[in-house]
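Fold and contact review
One-letter residues, chain by chain:
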Amino acid sequence: MTAASKRLAARKDDVNVSRRAVLRGTGALIISFALPPLASARQAGGLEPVGAAARLPGSLGRAPFLDAWIRIDADGTVTAFTGKAELGQGVKTALTQVVSEELEVPLDRLKLVTADTERTPDEGYTAGSHSLQDSGTALRHAAAQAREILILEAARKLRTPPDRLKAANATVLGPNGARLTYGEIVAPNLLHVQARPVTPLKGPARFTVMDRAIPRIDIPAKVTGGAAYVQDMRLPGMLHARVVRPPSYRAQLTTVDMTSVERMPGIVTIVRDGNFLAVVAEREFQAIQAMRSLAAAARWQERPTLPKQSELSAALLKLPAEDFTIFEKRAGVTAPATSLAATYSRPYLAHASIGPSCAVALADKDSVTLWSHTQGVYPDRQAIAELLGLAPEKVHCIHVEGSGCYGHNGADDAAADAALVASRLPGRPIRMQWMREQEFAWEPFGPAMVARVRASLDPSGQIRDWDYGVWSNTHATRPGPAGSTLAGQHVEHAFPIPPPRVLPQPEGGGDRNAIPLYSLPQAKVVHHFLPTMPVRVSALRSLGAHMNVFAIESFMDELALGAGADPVEFRLRHLQDPRARDVITTTAERFGWAGRRHGGRKGPGTGCGFAFARYKNLAAYCAVAMQVAVQYEAGRIRIERVVAAVDTGQVVNPDGVRNQIEGAILQSLSWTLYEKVGFDDTRITSVDWSKYPILRFDAVPDSVEVHIVDRAGEPFLGCGEAGQGPAAAAVANAIADATGKRLRDLPLFGAGVKAAIGI
Amino acid sequence: MDLKVNGRIRAVDADPQTPLLYVLRENLQLNAAKYGCGLGQCGACTVIVDGQAVFSCIVPIQVLGGKEITTLEGLGTIEHPGPLQRAFMDEQAAQCGYCIPGMIMRAQALLQRNAHASDAEIRTQLQSHLCRCGTHVRILRAVRRAAGLMQRGGSGSAVNP
């Protein structure tokens, strides 16, 4: 088998897993299956409903019974269930709004249970800006269908035609003061019915809860010291664990003298299994001290396996590649043209969560309960079950919030560490907390990437052809298999590391957003997939879109300059999609693009940049404009003003959308201007904040405005990752406008930048 | 040893070298101060000691006898939030929220000294704090809003004036 066909086979296995998961999760036996062509899209958070269930909206196909999503108890308690998790993006609030609106239950009467393998549907990962599209859509339809059923049942009980009844405030109201609360109406199994594919939904004109800036339900506890995170869990008899990780990826533990550590105060046990080493203590600081002593006592054999950082792009281009042509259009246009070409690059980027990963696990003889800030409780359950040799149903995985993760950080690894240690100490809850340096050294990074683009302009200033290639590792090495966790890789009987997988279009991985949305008469886009992974990598928020949009939108400005065109007008002349055009013109108007200060003409060293993308070419549309000032005396560039517009379809919480886009822009500025994972030939060296600087308050723009283009009644379009790509290119374009110098290698403020732009 | 935390004397059974952070979280079961780096580089663990913002992850309890320690819990409750807590709720100034308790404590120390602190002073004070979600603009807005509330007569603390 070729490597590519092996990967295809792996995809088919994936589908089998998801079939079993569907059956297990719902008890439904009537779903028919067909092999979906893009089944491994679930790796990126996408969900592919199968067979008959494919007709059901959102994630309903994964759990087609209404009572998997909505439960009403006789005492009037209303509970909604989602397989998605709160990651700090505000999804709990948004999903509660959706259910409240369609079910006609006040927000404060509604409980929401999030990702839990014994309670909620299996919705895969909370990733890829899918939560509203998948879970929000499912909950909306389930809530509306439940409301209809409640009205019909009330009609039967009240002997009144259903069209004379209406639902409000968790009650069905009829003529002459007739009323029944939902608790009075509900009967066992009333909602244990299959969802229907079509639902009469409330129209936007009747919304009272959706499209409202409802305050986030999680913020009050977070700003007053409530227990809000897995780090805050304290179970009776809980012990504190720390892991001692190898100093580098391939290091082998040769000897470790554990006797002196075992005698330290409070030590309960030391776990050694191959290269897996951990300490457990009664108190947290005792565990930390023991971890340090144990690390000092451990002897490792290390091997240099990392590429030369100073020549990273060249090293990537030399790796063996599997090429996938993901877009090709030939029109035979041969008019004269001017050609331009450029190469862009991005280093490895860290998720760099402020709170290092943490998990709590409690084992008994043959089962484990695990509290984790994982993005995927069901895939994690699979990994932990395999790691411990248990049946999946013997592992109960419950999502509890952690610090923001922005993709696949150390969460799943810390969960596996906790479960492995807990399995050695049945009956004692184990709190496994990673240290800062462990998170930085061992999290799977966002992959380094290289993009090369060549295009030609015809004499009228239209792009005539476009040739784009992107080189990247996979952007998802998440569990499933135990071998994707560090514990699984480090135990003596190590689990094999699963082969890297291509995330297919249309969502893509390294090639996410590599296909421009622009109308191009001739174009070719090739994904050069690099299976060899010298550095541990996985999903970082927006995957390849950050780099591809940075490259495409930087190059669009280079072409506009070549065509002597205004950057905004140049984009519009290549763009037909009216929604794309609307976010661009809205941003330009709100920014005052036409009267902007640029190119030093209206002020020394001031410049403006613009960029646009539709995330994955199928989710939210976002355009960003920025104004920067070059402060020659201070030797720095300051971002003064940012204006963005977003079209995220039907909005559930406008302030939530603004918060996400503001965050995306600021986070992307940090990635784009400052960040780079450091390493020597053997070890990751950027293991604290001094060696991995990120954006600080002095660099925060004076203003960041986000405008929402109203699309009431349209389907939800995920927006959590829409701003990263456009923000990256907008700042690069603004710097080019201010200085006349085009920076193509990230981080833009890396070594040599001052010389390049003359500050 | 005894520690005075949020106005109460608390007897603490811990190695005197233990950083305050672990004593707050484990012995006193206070959630707000967060472990972020253990190196005084991120600000998530910030509390106030005798009016000054300090990184609790690097201060051993042995130097804290007789000092007034204030944590986020000392500024107010969900029902009766202090001005900064109120302002962070009003501005929806959080995403994951993990860095926020430290931010609030740094801002509290500043505004206690000078409720008329300028935008530049607020930025300078918060420079030692990291936020990864990109909530900075809202955080700045919340601190400015709290300053307004405190100028109009709040002490900065709802429970412990």
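Definitions and cut-offs
Residue indices begin from 1 for each chain and proceed along its sequence in written order. Throughout, the order in which chains and ligands are written sets their labels, letters from A for the former and numbers from 1 for the latter. Predicted model: local features are reported for residues with pLDDT of at least 70 only, side-chain atom pairs are reported and counted for 80 or more only, and whole-chain, interface and lining totals are derived from all residues. As a rule here, side-chain values cover all heavy atoms of the structure and leave hydrogens and water aside. Helix numbering and strand numbering both begin at the N terminus, where a helix is a DSSP run of H or I of at least 4 residues and a strand a DSSP run of E of at least 2. The globule rule used here is 2.2 Å times the number of residues to the 0.38 power, and the radius of gyration it is set against is calculated over C-alpha atoms. Residue exposure (1.4 Å probe, protein chains only): buried if accessible area is under 20% of the type maximum, exposed if over 50%, otherwise partly exposed. A contact between two residues is defined here by any heavy atoms of the two lying within 4.5 Å. Note on areas: these come from Shrake-Rupley sampling with a 1.4 Å probe, and a residue is covered only by the protein chains present in the view. We treat Lys and Arg as the positive residues and Asp and Glu as the negative residues; His and chain ends play no part in the count. Lysine's charge is taken at NZ, arginine's at CZ, aspartate's at CG and glutamate's at CD. For two strands to be treated as a pair, DSSP must find no fewer than two bridges joining them. What counts as an axis is a line fitted to C-alpha atoms, over the stretch in contact for a helix, and the angles between N-to-C directions run from 0 to 180 degrees. What counts as buried area is the accessible surface, traced by a 1.4 Å probe, that two parts surrender upon association, with contributions from both included. Just to be clear on terms, a salt bridge is a Lys or Arg side-chain nitrogen sitting within 4 Å of an Asp or Glu carboxyl oxygen. Within 3.5 Å is the distance limit for a polar contact, defined as a pair of N or O atoms, with the added protein rule that one can donate a hydrogen and the other accept it, and that residues adjacent in sequence qualify only through two side-chain atoms. Ring pairs shown here join Phe, Tyr and Trp side chains whose ring centres sit within 6.5 Å, with only the six-membered ring taken for Trp; geometry is labelled stacked below 30 degrees between planes, edge-to-face above 60, and tilted in between. As used in this record, nonpolar core signifies buried Ala, Val, Leu, Ile, Met, Phe, Trp, Tyr and Cys residues forming a set joined through side-chain atoms within 4.5 Å. Note that domain bounds follow an automatic or database assignment of domains.

Turning our attention to the overall build of chain B. In terms of regular secondary structure, chain B is built from five helices and five strands. Going residue by residue from the N terminus, the α and β elements of chain B occur as β-β-α-β-β-β-α-α-α-α. For chain B, the C-alpha radius of gyration of 15 Å lies close to 15 Å, the compact-globule estimate for 161 residues. Burial status across chain B gives 64% buried among its 161 residues. Restricting the contact set of chain B to residue pairs at least 6 apart, pairs at least 24 apart contribute 61%. When the accessible surface of chain B is summed, it comes to about 5,700 Å², and 48% of that surface belongs to carbon and sulfur atoms. Charge separation in chain B, taken as the distance between the mean sites of 16 positive and 12 negative side-chain charges, equals 9 Å.

All right, on to the sheet that holds strand E15 (residues 367-372) of chain A then. The pairing of strands in a sheet happens through backbone hydrogen bonds and is either parallel or antiparallel. All names here are of chain A. Strand order in the open sheet made by the seven strands is E9-E10-E7-E17-E14-E15-E16, with mixed pairing throughout. Both edges of this open sheet fall to strand E9 (267-273) and strand E16 (395-399), since each of them pairs with a single strand only. Recorded for the sheet is a direction-independent mean angle of 20 degrees between the axes of neighbouring strands. Running at roughly 30 degrees to strand E14 (residues 358-364), helix H10 (residues 411-424) makes contact with strand E7 (239-244), E9, strand E10 (276-281), E14, E15 and strand E17 (430-433) of the sheet.

Moving on, we come to the interface of chain A and chain B. Chain A puts 66 residues into the contact, and the matching count from chain B is 56 residues. Of the roughly 4,900 Å² buried between chain A and chain B on both sides combined, carbon and sulfur atoms contribute 53%. At the boundary of chain A and chain B, one finds seven salt bridges. A salt bridge links Lys34(B) to Asp232(A); the nearest nitrogen and oxygen atoms lie 3.6 Å apart. At the boundary of chain A with chain B, the tally comes to 35 residue pairs in polar contact (both at pLDDT 80 or more).

A word on the packing of aromatic side chains. Residues and elements named next belong to chain A. Taken as a whole, this structure holds eleven aromatic pairs over all chains when the rule is applied. Geometrically, the ring pair formed by Tyr674 and Phe749 is edge-to-face, given 5.9 Å between the ring centres and 80 degrees between the ring planes. Within this pair, whereas Tyr674 is found in helix H16 (residues 654-674), its partner Phe749 is found in the loop between helix H17 (724-739) and helix H18 (753-757), the two being separated by 75 residues in sequence. According to the relative accessible area criterion, Tyr674 is partly exposed, its value standing at 27%.

This part takes up the side chain of Asp273(A). Residues and elements named next belong to chain A. Within the element layout of this structure, Asp273 appears in strand E9. Polar contacts involving the side chain of Asp273 include one to the main-chain amide nitrogen of Glu492, which spans 2.8 Å. Residue contacts for Asp273: discarding those within four places in its chain leaves Arg424, His490, Val491 and Glu492.

Residues and elements named next belong to chain A. The buried count for E16 comes to five of five residues, which makes it a mostly enclosed element. Along E16, one buried face is formed by Val395, Cys397 and His399 and the opposite face, lined by His396 and Ile398, is buried too. Inspection of the sheet shows E15 paired to E16 by five bridges, in the parallel sense. Looking at the pairing, Trp371 lines up with Ile398 of E16.

Right, let's talk about the nonpolar core for a bit. With 204 residues, the main nonpolar core has Tyr348(A), Trp466(A), Tyr468(A), Met626(A), Ile661(A), Ile665(A) and Phe88(B) as its most contacted residues. Judged by nonpolar contacts, the second largest core, of 44 residues, contains Leu56(A), Trp69(A), Val105(A) and Ile185(A).

Residue and element names in this part refer to chain B. Each assigned domain of chain B is listed here: domain 1 (2-72) and domain 2 (75-151). Taken over C-alpha atoms, the centre of domain 1 sits 20 Å from the centre of domain 2. With 17 residues of domain 1 in contact, the opposing surface of domain 2 contributes 16 residues. For the domain 1 face of the interface with domain 2, the top three residues by lost area are Thr46, Ile48 and Leu72, together amounting to 39%. Our count for the contact surface shared by domain 1 and domain 2 stands at zero salt bridges.

Residue and element names in this part refer to chain B. Following the sequence through the fold, Ile61 ends up in the loop between strand E4 (52-55) and strand E5 (68-70). Classification of Ile61 as buried rests on a relative accessible area of 0%. Sequence-wise, Ile61 and Gln17 are 44 residues apart; in three dimensions their C-alpha atoms are separated by 6.3 Å. With sequence-adjacent residues up to four places away left out, Ile61 is seen in contact with Met1, Leu3, Val12, Ala14, Asp15, Pro16, Thr18, Leu20 and Val23.

Turning our eyes to something else, we now look at the pairing of strand E18 (residues 449-457) of chain A. Residue and element names in this part refer to chain A. Buried residues dominate E18, accounting for seven of its nine residues. Both strand E13 (residues 338-346) and E18 contribute to a ladder of nine bridges, which runs antiparallel. By the bridge assignment for E18, Ala342 is matched with Val453. In terms of strand pairing, E18 meets strand E19 (residues 463-472) through nine bridges, oriented antiparallel. Within E19, the position partnered with Arg452 by the bridge is Gly469. What sits between E18 and E19 in their antiparallel hairpin is a turn of five residues, with Gly461 showing a positive phi close to 85 degrees.

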